Amino acid sequence: MAAMATDTSARVVPVGDRSPSSWGLGDGQAIPWEYAPAPESRDIVAIRERYGLFIGGRDVEAEDGGTFPTVNPATEEPLAEVARATPADADKAVRAARRAQRRSWGTLSGRERAKYLFRIARILQERSREFAVLESMDSGKPIKESRDVDVPLAAAHFWYYAGWADKLQYAFPGRVARPLGVAAQIIPWNFPLLMLSWKIAPALAAGNTVVLKPASTTPLSALLFADICRQADLPPGVVNIITGPGEIGMRLVTNPGVDKVAFTGSTEIGKRIAKGVAGSDKALTLELGGKAANVVFDDAPLDQAVEGIVNGIYFNQGEVCCAGSRLLVQESIAEPLIDKLKDRLGTIRVGDPLDKNTDVGAINSRAQLEKITELVASGVAEGAELYQPACDLPDRGYFFRPTLFTNVAQSHRIAREEIFGPVLSVLTFRTPDEAVEKANNTLYGLSAGIWTDKGSRILEMVQRMKAGVVWANTFNRFDPTSPFGGYKESGYGREGGMHGLHAYVRLEDR
Ligand code: NDP
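Cut-offs applied
- Residues numbered from 1 in each chain as written.
- Predicted model: local features only at pLDDT ≥ 70, side-chain atom pairs only at ≥ 80, totals over all residues.
- Heavy atoms only, no water.
- Domains from an automatic or database assignment.
- Contact = heavy atoms within 4.5 Å.
- Buried area = accessible area lost by both parts, 1.4 Å probe.
- Salt bridge = Lys/Arg side-chain N within 4 Å of Asp/Glu carboxyl O.
- Near = heavy atom within 4 Å.
- Polar contact = N/O pair within 3.5 Å; in protein donor to acceptor, adjacent residues only side chain to side chain.
- Areas by Shrake-Rupley, 256 points an atom, 1.4 Å probe, with all protein chains shown as cover.
- Pairing = 2+ DSSP bridges.
- Helix = DSSP H or I, 4+ residues; strand = E, 2+ residues; numbered from the N terminus.
- Axes fitted to C-alpha atoms, helices over the stretch in contact; angles between N-to-C directions.
- Buried < 20%, exposed > 50% of the residue type's maximum accessible area, 1.4 Å probe, protein only.
- 1 Å grid on protein atoms, 1.4 Å probe; cavity = no way out; pocket = protein on both sides within 12 Å on 5 of 7 lines; lining within 4 Å.
- Points joined across faces, edges and corners; volume = space filled by probe spheres on them.
- Nonpolar A, V, L, I, M, F, W, Y, C, P; charged D, E, K, R; others polar.

### Thoughts on the domain arrangement of the chain
Domain boundaries in the chain define domain 1 (2-34 + 290-472) and domain 2 (53-72 + 86-288 + 487-509). Each of domain 1 and domain 2 has a C-alpha centre, and the two are 32 Å apart. Taken together, the contact pairs 32 residues of domain 1 with 27 residues of domain 2. Three residues stand out in domain 1 for area buried against domain 2, namely Phe315, Leu354 and Asn364, and they jointly supply 25% of the buried area on that side. For the pair domain 1 and domain 2, the number of links is 1 salt bridge.

Structural data, given as structure tokens:
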């Protein structure tokens, strides 16, 4: 798979024979520390050869017996065969969810629902290592992220919404909160378990039942979650998980037995889903793409900002809808900041997702790697200046070097399109007005970052930036109590916090 790695070796800066003492001198050349391999053991996970659909509390084959493979993107080896649901299977899952909503889940008190959610949260924590290893193997993300971010945050969402299940009358004072019914939930491959928890936890807390479709490249953590549902004795049909191609997602969206659709993924598919729902009375939340501006002012602490920029774009290989993919830096500090950034890039470790020292793992799929490669090539062709640190990429697997583009114009594709990869485009500005104008000059409006020493400037910028989430002197911070969502082509509706609960209830007068 070496051929899939970017062919930009001619531009890669050689490490040479510098010593660690040359770090941070602004010469754009740092030498990485040597790390011994520290692979996490795979023994904790027993991956089955074949997985069925999880419908009505049972593991069932697809109606026509069809399957598809899921592949480890770091090795290109198949991990398991997974059932390929047919439209009839999707309909069956919706019926199972409807039955469970009427007969068991919808009639339980909030207090009883809470017990199940607390139980799920606790089991997720108990089995966290198993989930982290499986998630890294199936998605390519580094184990330190799945272990320290994805799985703990997923459990935190269940804890948080378990707390709301018996307090809906306090969440919406003076109103009666009724469940919507059956929720069809379609999730992407960049945070498979975490997106599952963002969707399932509030839905169940509010008394809905769900049919969830994970992305085809990352079905395994959702199927392991099915095992948790059984372990927690969740009534059959409350959670149903069906695997299969995008059309199966659309079948769910258009099924008349579905009352609510929640989607996270690309803007293109989000638009199709909005059309699929149009004309019905289904509730819809869409969490779509982004092209976030991370704005660094000249009074920002530069070393801290560099860490935030790195976290903003190289976390999870940049496969993050709210990634800080456009760095807007005040012109007077552009040179030292970019030098420091180049130094820091030289220390990022790319490689085996299961190695505990890995910072950037594998790109999720061959198709995504091709998309990144094509967009990076467009950046070079349009005249931007490419920088990639020297680093050895594994011979097999879908890997891509952390990439930095300077000399970027706003018209370049790399400044306009969501790359969803470890690629940063640097632009400059002179005044706050120019920063705001450039930051908002995008079709998207999901997130943004501001780096400055001045609280007043943060408050002013937050008001003027058209983004659902604005981080100040930090980036990519998530918390189950905070709402998350976008403007413009980044979608609508909010997930997280009480806003996320609101998206799963119908409010009636007392
Ligand atoms: P998609 O939007 O195609 O996939 C997201 C989910 O939607 C998956 O479960 C997918 O299933 C499902 N899906 C696909 N087609 C349909 C359909 N017609 N109706 C209903 N559901 C459907 O994202 P991609 O995987 O194709 O990634 C493409 C680009 O989208 C990325 O490069 C990135 O820019 C962006 N993206 C944004 C994400 C975000 O969090 N905002 C997440 C993922 C991607 P299946 O996997 O079976 O195709």
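### Re the site of the ligand
Around the ligand, the surrounding shell holds 28 residues, and the nearest of these are Trp189, Ser216, Ser266, Lys371 and Glu418. Taking glycine 244, its main chain carries an N or O atom lying 3.2 Å from an oxygen atom of the ligand. At a separation of 2.6 Å, an oxygen atom of the ligand approaches a polar side-chain atom of serine 266. Notes on the ligand: free accessible area 850 Å², of which the protein chains cover 85%.

### Description of the sheet that holds strand S18 (residues 469-472)
The 7 strands lie next to each other as S14-S15-S16-S13-S12-S17-S18, forming an open sheet whose pairing is mixed. Of all strands in the sheet, those with a lone pairing partner are strand S14 (385-387) and S18, marking the two edges. Strand-to-strand twist across the sheet, computed as the mean angle between neighbouring axes with direction ignored, equals 20°. In this structure, strand S13 (residues 326-330) lies alongside strand S16 (residues 423-429), joined through 5 bridges in parallel fashion. Along S16, the bridge assignment pairs arginine 326 with serine 425. Against the sheet, helix H10 (residues 302-314) contacts strand S12 (293-296), S13, strand S15 (403-406), S16 and strand S17 (447-451), and its axis sits at roughly 135° relative to S16.

### Description of the environment of threonine 243
With respect to the element layout, threonine 243 can be found in the loop between strand S9 (239-241) and helix H8 (246-254). The buried category is assigned to threonine 243, whose relative accessible area is 1%. Expressed as a C-alpha distance, the spacing of threonine 243 and threonine 218, which sit 25 residues apart in the sequence, is 9.7 Å. Engagement of the side chain of threonine 243 in a polar contact is seen with the backbone oxygen of alanine 83, the distance being 2.6 Å.

### Description of the pairing of S15
The alternating pattern of S15 places Thr403 and Phe405 on one face and Leu404 and Thr406 on the opposite face, and all of these are buried. Both S14 and S15 contribute to a ladder of 3 bridges, which runs antiparallel. Within S15, the position partnered with leucine 386 by the bridge is phenylalanine 405.

### Notes on the layout of surface pockets
Approximately 1,100 Å³ is the volume attributed to the largest pocket. Along its surface, the largest pocket is lined by 50 residues, and Pro188, Trp189, Gly265, Ser266 and Ile269 are the ones closest to its centre. Looking at the lining of the largest pocket, the elements that each hand over two or more residues are strand S4 (67-72), H8, strand S10 (260-264), helix H9 (267-277) and helix H12 (366-381). Residue contributions to the lining of the largest pocket peak at 6 residues, all from H9. Among the residues making up the lining of the largest pocket, the classes are represented as 22 nonpolar, 16 polar and 12 charged. There are two domains that each give the lining of the largest pocket at least three residues, and those are domain 1 (2-34 + 290-472) and domain 2 (53-72 + 86-288 + 487-509).

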